[in-house]
Amino acid sequence: MERLPSWLRQHLAALRAVVVLTALLGLIYPLVTTGIAQALFNGNANGSIVQSGGKDVGSAIIGQSFTDKDGNPVAKYFQSRPSAAGDGYDPTSTSASNLGPEDIVDTLPVPGAKDEQGNPDQGRQSLLTQACARSKAVGELEGVSGARPYCTPDGVGAVLKVFPDHAVSVNQACPATPFTATYQGLKVECGKPGEDYATGRTIPVKGNAETPAVPADAVTASGSGLDPHISIAYADLQAPRVARERGLPTDQVKALIGEHTTGRALGFMGEPAVNVLELNLALDGS
């Protein structure tokens, strides 16, 4: 029997390799790893689903919002940190905002203008203004000062565009009153929507705000947009409100915070944090 041509033998060897590797890596390996995961880490492998009353209510590793249909915080629940994933905590859109610390100038909405979809122009808030607005809202909800450096009292970034003969508070749309009347002898004007201030010198103004009462994780989203935890400081800030809304002693609510606080990863990485979903479920069961 004559030997097969070398080119045909090479193709058959390649075909056998494809079949063997497909069986090993595409069938056997996934089945083995899935079986081990289901046997040893069943909860984690299935999404760390949290149940209440026999129903799935969320995941221990994916955050969620505790708001009403209009997006307002439900006062009897602890609030999660902000999320930039889709409409919030969307696992299919996990991401950060990709805005950095130099993103401090808003694009003001132009009255009567429309966006590419034909909707009324909403403008665009800078990362600074997002943090300022969130801090103001959290301060009002919790009954503390929402003031923080580089923020105006009305909750936008305190940023000036400075020109030779005047300055503009570019994040405060007219007819708002600028957060400062003058800057280095120049009159400060409110921002005019649609006006191009690109040639002005950008000056963020720190102001006189001291250490903010509202923690950083209450005003910034996590890198994944799915973080289910908040800091102990943010949980403690919310405890009096939740206790008051539920008619519970504040000490009892703080005790529950302690019970649902996780330690540092591996004992030294990161900071202790509070799982919001589990804490709110514990409150509902108390």
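Just so you know, these numbers come straight off a predicted model, no measurement behind them. (Residues numbered from 1 in each chain as written. Predicted model: local features only at pLDDT ≥ 70, side-chain atom pairs only at ≥ 80, totals over all residues. Heavy atoms only, no water.)

Trainee: Give me helix α6 (residues 276-284): which residues, what numbers.
Mentor: Residues of α6 that are buried include every one of Val276, Leu277, Leu279, Asn280 and Leu283, and no others. One side of α6 carries all its buried residues, which in axial view fall inside an arc of 165°. Next to the buried residues of α6 lie β1 (49-52), β2 (55-59), β8 (229-231), α4 (232-246), α5 (250-259) and β10 (273-275). Residue asparagine 275 occupies the N-cap position of α6, its side-chain oxygen lying 3.3 Å from the main-chain nitrogen of leucine 277. (Buried < 20%, exposed > 50% of the residue type's maximum accessible area, 1.4 Å probe, protein only. Helix = DSSP H or I, 4+ residues; strand = E, 2+ residues; numbered from the N terminus. Arc of directions from axis to C-beta. Contact = heavy atoms within 4.5 Å. Polar contact = N/O pair within 3.5 Å; in protein donor to acceptor, adjacent residues only side chain to side chain.)

Trainee: Talk me through α4; I want residue IDs and the actual numbers.
Mentor: Side chains of residues three or four places apart in an α-helix project in the same direction, reflecting 3.6 residues per turn. Spanning 15 residues, α4 covers 20 Å between terminal C-alpha atoms, matching the ideal 21 Å at 1.5 Å per step. If you check which residues of α4 are buried, you get Tyr234, Ala235, Leu237, Gln238, Ala239, Arg241, Val242 and Ala243. Elements in contact with the buried residues of α4: α3 (127-142), β8, α5, β10 and α6. Among the residues trailing α4, glycine 247 stands out with phi positive, at a value near 70°. (Expected span 1.5 Å × (residues − 1).)

Trainee: Summarise the sheet that holds β10; cite the residues concerned and give the values.
Mentor: Spatially, the three strands line up as an open sheet ordered β8-β10-β9, and their pairing is antiparallel. The open sheet has two edge strands with one neighbour each: β8 and β9 (261-262). Taken together, the two bridges between β9 and β10 define a ladder with antiparallel strand orientation. Within β10, the position partnered with threonine 261 by the bridge is valine 274. The strands touched by α4 within the sheet are β8, β9 and β10, with β8 carrying the most contacts at an inclination of about 85°. (Pairing = 2+ DSSP bridges. Axes fitted to C-alpha atoms, helices over the stretch in contact; angles between N-to-C directions.)

Trainee: I'd like a description of the pattern of salt bridges, backed by residues and values.
Mentor: Tallied over the entire structure, the rule returns seven salt bridges. With a closest N to O distance of 2.9 Å, arginine 241 and glutamate 142 form a salt bridge. Taken together, the residues span a long stretch of sequence, with arginine 241 in helix α4 and glutamate 142 in helix α3 at a distance of 99 residues. Of the two residues examined, arginine 241 and glutamate 142, each falls in the buried class. Of the charged contacts in the structure, one is a salt bridge between aspartate 284 and arginine 246, with a shortest N-O distance of 2.9 Å. Of the two residues, aspartate 284 sits in helix α6 while arginine 246 sits in helix α4, which places them 38 residues apart along the sequence. (Salt bridge = Lys/Arg side-chain N within 4 Å of Asp/Glu carboxyl O.)

Trainee: I'd like a description of the sheet that holds strand β7 (residues 201-204), backed by residues and values.
Mentor: Strand order in this open sheet of five strands is β5-β6-β4-β3-β7, and the pairing throughout is mixed. Every other strand in the sheet has two partners, leaving β5 (182-183) and β7 as the edge strands with one partner each. In this sheet, strand β6 (residues 186-191) lies alongside strand β4 (residues 167-173) in parallel orientation, the contact comprising four bridges. When the sheet's bridge partners are listed, alanine 173 is paired in β6 with glycine 191.

Trainee: Now, about the state of the cysteines: what can you tell me, with residues and values included?
Mentor: Per the stated rule, a full pass over the model turns up two disulfides. The disulfide bridge from cysteine 174 ends at cysteine 190, spanning 1.9 Å between sulfur atoms. Handedness of the cysteine 174-cysteine 190 disulfide follows from its S-S torsion of about 100°: it is right-handed. On the criterion of sequence distance, the pair formed by cysteine 174 in the loop between β4 and β5 and cysteine 190 in strand β6 is long-range, its members being 16 residues apart. Judged by relative accessible area, which is 32%, cysteine 174 ranks as partly exposed. (Disulfide = S-S within 2.5 Å.)

Trainee: An account of the pairing of β2 is requested, with residue identities and associated values reported.
Mentor: Across four bridges, the pairing between β1 and β2 is antiparallel. Each bridged residue has a counterpart across the sheet, and for glutamine 51 the counterpart in β2 is aspartate 56. Connecting β1 to the antiparallel partner β2 that follows it, the hairpin turn spans two residues, and glycine 53 within it adopts a positive phi of roughly 65°.

Trainee: I'd love a proper account of the packing of α3 against α4, names of residues and values included.
Mentor: Between α3 and α4, the shortest axis-to-axis distance is 9 Å and the interhelical angle comes to 40°. With respect to their mutual orientation, α3 and α4 come out oblique. Here Val138, Leu141 and Glu142 of α3 come into contact with α4, specifically with Tyr234, Leu237, Gln238 and Arg241. Tallied by class, the residues present in the contact of α3 with α4 amount to four nonpolar, one polar and two charged. (Parallel < 35°, antiparallel > 145°, perpendicular 65-115°, else oblique. Nonpolar A, V, L, I, M, F, W, Y, C, P; charged D, E, K, R; others polar.)

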